[in-house]
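Coordinate inspection notes
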Amino acid sequence: MSTTLLHQTATLLRPGVYTYDAYGNETYEYPGSGQEQPVLACRIQENDGTEDEDDRETVERRAVGFFGPDEEIAPYDRFDIDGEIWEVIGQPVLRHDAKGPHHYETNLRRVQV
């Protein structure tokens, strides 16, 4: 993928170990600000938000993230992109063209931290 298409930068926030919350569920610990993390070229394209009206009205923002083919993107990774935290949903997909690996594509959701 042309680097001119990847005009944004993302600071990788990869979870370290996981712990258990008060209910016994696994929860990941992410690095705090100030810890050195790789900065990747990327591009995000927001989708329509969805509105959840179960307990309160909230809009969940989702996007598709595009990253270079040489990047290591994993489920549960988070990225600081333009001051907003986005989390990978599911397994990233490596897309190919006629010449080989072209880019990673992944679903993202906006995370409030």
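A brief report on the enclosed structure follows. (Residues numbered from 1 in each chain as written. Predicted model: local features only at pLDDT ≥ 70, side-chain atom pairs only at ≥ 80, totals over all residues. Heavy atoms only, no water.)

Okay, the pairing of strand E8 (residues 78-81) next. Where strand E1 (residues 8-13) and E8 come together, 4 bridges link them in antiparallel fashion. In the sheet register, Ala-10 faces E8, and the bridge partner there is Ile-81. Taken together, the 4 bridges between E8 and strand E9 (residues 84-97) define a ladder with antiparallel strand orientation. Pairing of Asp-80 across the sheet is with Ile-85, part of E9. (Pairing = 2+ DSSP bridges. Helix = DSSP H or I, 4+ residues; strand = E, 2+ residues; numbered from the N terminus.)

For Glu-71, the position within the fold is in the loop between strand E7 (62-67) and E8. Owing to a relative accessible area of 24%, Glu-71 belongs among the partly exposed residues under this scheme. A sequence separation of 32 residues divides Glu-71 from His-103, and the C-alpha atoms of the two residues are 8.7 Å apart. With residues near it in sequence (within four places) discarded, Glu-71 still touches Leu-40 and Tyr-104. (Buried < 20%, exposed > 50% of the residue type's maximum accessible area, 1.4 Å probe, protein only. Contact = heavy atoms within 4.5 Å.)

The biggest cluster of nonpolar side chains holds 14 residues, and the ones touching the most others in it are Phe-67, Ile-73, Phe-79 and Ile-81. For this core, the elements supplying multiple residues, two or more each, are E1, strand E4 (39-46), E7, E8, E9 and strand E10 (100-111). The biggest single contributor to this core is E4, with 3 residues. Discounting chain neighbours no more than four positions away, the residues touching Phe-67 are Leu-6, Ala-10, Leu-40, Ala-41, Cys-42, Ile-73, Phe-79, His-103, Tyr-104 and Thr-106. (Core = buried A, V, L, I, M, F, W, Y, C linked by side-chain atoms within 4.5 Å.)

On to the pattern of salt bridges, then. Evaluated as defined, the whole model comprises 9 salt bridges. In this structure, Arg-14 and Glu-72 form a salt bridge, with 3.8 Å as the shortest nitrogen-oxygen distance. Of this pair, Arg-14 sits in the loop between E1 and strand E2 (18-20) while Glu-72 sits in the loop between E7 and E8, placing them 58 residues apart in sequence. According to the relative accessible area criterion, Arg-14 is partly exposed, its value standing at 28%. You can call Glu-72 exposed: its relative accessible area is 62%. In this structure, the salt-bridge partner of Arg-95 is Glu-105, at a minimum N-O distance of 3.6 Å. Of the two residues, Arg-95 sits in strand E9 while Glu-105 sits in strand E10, which places them 10 residues apart along the sequence. Of the residues examined, Arg-95 reaches a relative accessible area of 36% and is grouped as partly exposed. A residue is classified by how much of its surface remains accessible, and Glu-105, at 23% relative accessible area, is partly exposed. (Salt bridge = Lys/Arg side-chain N within 4 Å of Asp/Glu carboxyl O.)

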